[in-house]
Amino acid sequence: MLAATAVLPTVPPPAHALAAVVHPNPYAYYQSLAAHRPFDFDASLGLWVAAGPQALAAVLRHPACGVRPAGATVPAALAKGAAGDWFGALVRMNDGATHAAMKPWLKARLASLHADGATLDRLRDASQAACADAYLAQGDTPTARLDDFVFRQPIYALAAWLGVPSSQWVDVYDDVRTLVAAMAESAKPSPRAEAIARGHRAATALCQRAMRWLDNDAAPGTWLRDTARIAAHDDALDHAALTANVAGLFTQTHDACAGLVANSLRRLARHASPTVIPAIDGRQMLRANLAVAIATVSDVIRLDPPVQNTRRFLHAPAVIGERTLARGDAILVVLAAAPASAGPDDMAWTFGHGAHTCPGRSPASTIAALGVQTILDSEVDLAAIATGTAYHPLGNVRIARFHEEAPAD
Ligand code: HEM
């Protein structure tokens, strides 16, 4: 763990739990929330807020709490289009039979991703390709390139790991980005029709690609080819749902892994100290950078988690933590408020809890470590460009932002 603690500017605490996601240092506020208001209704947000560990566990395990509002698996703005069809098939967005049918399958397949030496080499190549493409997309401004890289690198790395041909990485990234933007747009009070239409086109393109990957377009010996082979022998499997969920792995990765990479880079920038580096050769330097990257990613998983909160919706009246909730009530589940213990193996609540726990924890950590290593290898002066206090304006995911202006959608 990085020992020294960088001095952060003194700013007023966040006004509420949603504002905490983009606050320079929300952790004292979270601690106080968990201690004094572990489960309460916040009238300013119109939401129940669960922040204490017992409340978090109770909500995430309660059978009346669904991941989407009752009867509205697909947001109204996305319905009647390819993005809506895709969204409605995701394990992340379903409870009950649809979730139970696909989650164990997906979990087992993701558990088969092993980070052996050859894999790390492939991910390193993909991360370097992301670095080069961030340069092509953003030009010479180092902060804009870094903002681009933290989103692009995890998608390229996941694509490489699953077996997507490298000629498709740029297009996959563009489609994933457009689809994630459309999902965010659909949650706004007045979604822009053009952003939603782009989302439908991206969903069509991404799902068609996923279909081709599972239909022999991926190279032999890859995860995708093995997944297709296993699926072909499983009569109970819904192949359309599998295709949607393979595409969904990329959208799940987009923001969450970007947060892990970006928050790690900020942490490194803040703790950078002008030490005398002993003369070591290139290979030793790569190994040293990888070790620093792994340690920093693991600190961020515990102490500055990317996914700060998630939501649950009451499908039936329920009493949770001695509070009476009505059908239709919504709960903000503040995962980042659960304290991390001192142990390095503790991952706090960063990857969720209960039936919807993230099945991508291990690949996410490896992908992020390779992303951070790539920046360390490039010898970018992080202390000069990455120490700021800005975050992308998102409601659930905390992603350090390095350029003054957010990159255009
Ligand atoms: C830093 C990286 C990541 C973080 C912090 C993260 C965190 C989370 C969290 C908190 C949830 C649970 C949401 C809820 O209960 O409402 C979740 C679900 C999920 N994550 Fe991740 N995730 C990360 C990366 C990934 C990656 C790389 C993949 C796949 C390759 C992935 C696949 C999924 C899937 C499929 C679900 C839905 C599981 C379900 O609903 O049963 N995640 N993730």
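See the structure above.
Quick summary incoming for the structure in this document. (Residues numbered from 1 in each chain as written. Predicted model: local features only at pLDDT ≥ 70, side-chain atom pairs only at ≥ 80, totals over all residues. Heavy atoms only, no water.)

Within the protein chain, the secondary structure is distributed over 13 helices and 7 strands. Considering only C-alpha atoms, the protein chain reaches an extent of 65 × 55 × 40 Å along its principal axes. Across the 409 residues in the protein chain, those meeting the buried criterion constitute 48%. Considering only residue pairs separated by 6 or more positions, the protein chain has 74% of its internal contacts joining residues 24 or more positions apart. Looking at the protein chain as shown, the accessible area adds up to about 18,500 Å², and 56% of this sits on carbon and sulfur atoms. Positive and negative side-chain charges of the protein chain, numbering 34 and 36 respectively, have mean locations separated by a distance of 4 Å. (Helix = DSSP H or I, 4+ residues; strand = E, 2+ residues; numbered from the N terminus. Buried < 20%, exposed > 50% of the residue type's maximum accessible area, 1.4 Å probe, protein only. Contact = heavy atoms within 4.5 Å. Areas by Shrake-Rupley, 256 points an atom, 1.4 Å probe, with all protein chains shown as cover. Lys, Arg positive; Asp, Glu negative; His and termini not counted. Charge placed at Lys NZ, Arg CZ, Asp CG, Glu CD.)

Burial runs high along strand β4 (residues 310–314): 4 of the 5 residues are buried. Sheet analysis places strand β3 (residues 65–66) next to β4, joined by 2 bridges and oriented antiparallel. For C65, the partnering residue across the bridge sits in β4 and is L314. Bridging between β4 and strand β7 (residues 330–333) involves 4 bridges; their strand directions are antiparallel. Within β7, the residue paired with R312 across the bridge is I331. (Pairing = 2+ DSSP bridges.)

Judged by nonpolar contacts, the single largest core of 88 residues is most densely connected at W86, V150, L224, F250 and L265. Per-element accounting of this core gives the leading share, 15 residues, to helix α10 (residues 239–271). Residues contacting L224, with those up to four places away along its chain left out, are L162, G163, V164, W213, L214, A218 and V246. L56, V59, A64 and I320 belong to the second largest nonpolar core, which has 18 residues in total. (Core = buried A, V, L, I, M, F, W, Y, C linked by side-chain atoms within 4.5 Å.)

Near the ligand there are 24 residues, and of these H99, K103, T310, H356 and C358 occur at the shortest range. A distance of 3.3 Å is found between an oxygen atom of the ligand and a side-chain nitrogen or oxygen belonging to R92. Listing elements by their share of the shell around the ligand, those giving two or more residues are α4 (96–111), α10 and β4. Here the shell around the ligand gets 6 residues from one element, more than from any other, and that element is α10. (Near = heavy atom within 4 Å. Polar contact = N/O pair within 3.5 Å; in protein donor to acceptor, adjacent residues only side chain to side chain.)

Another point: the packing of aromatic side chains. Across all of its chains, the model carries 8 aromatic pairs by this definition. Their ring planes at 70° and their centres at 5.5 Å tell us that F41 and W48 sit as a pair that is edge-to-face. Their ring planes at 75° and their centres at 6.5 Å tell us that W86 and F87 sit as a pair that is edge-to-face. Accessibility assignment for this pair places W86 and F87 in one class, buried. Three or more aromatic residues joined by ring pairs form one cluster here, namely Y27, Y29 and Y30. Here the guanidinium or amino end of R177 rests over the ring plane of F151, the centre of that ring lying 4.9 Å away. Looking at R266, its charged tip hangs above the ring of Y391, at a distance of 5.0 Å from the centre. (Phe/Tyr/Trp six-rings, centres within 6.5 Å; stacked < 30°, edge-to-face > 60°. Lys NZ or Arg CZ within 6 Å of the ring centre and 35° of its normal.)

Side-chain alternation along β7 places A330 and L332 on one buried face and I331 and V333 on a second face that is also buried. Where strand β2 (residues 47–50) and β7 come together, 3 bridges link them in parallel fashion. Within the sheet, the bridge partner assigned to W48 lies in β7 and is I331.

Below, the discussion takes up unusual backbone geometry. Of note, K80 is a non-glycine position whose phi angle comes to about 60°, a positive value. In this fold, K80 is placed in the loop between β3 and α3 (82–88).

Here we take up the environment of D147. With respect to the element layout, D147 can be found in helix α6 (residues 142–162). Exposure remark for D147: the relative accessible area of 0% places this residue in the buried category. Separated by 252 residues in the primary sequence, D147 and I399 place their C-alpha atoms 9.5 Å from one another.

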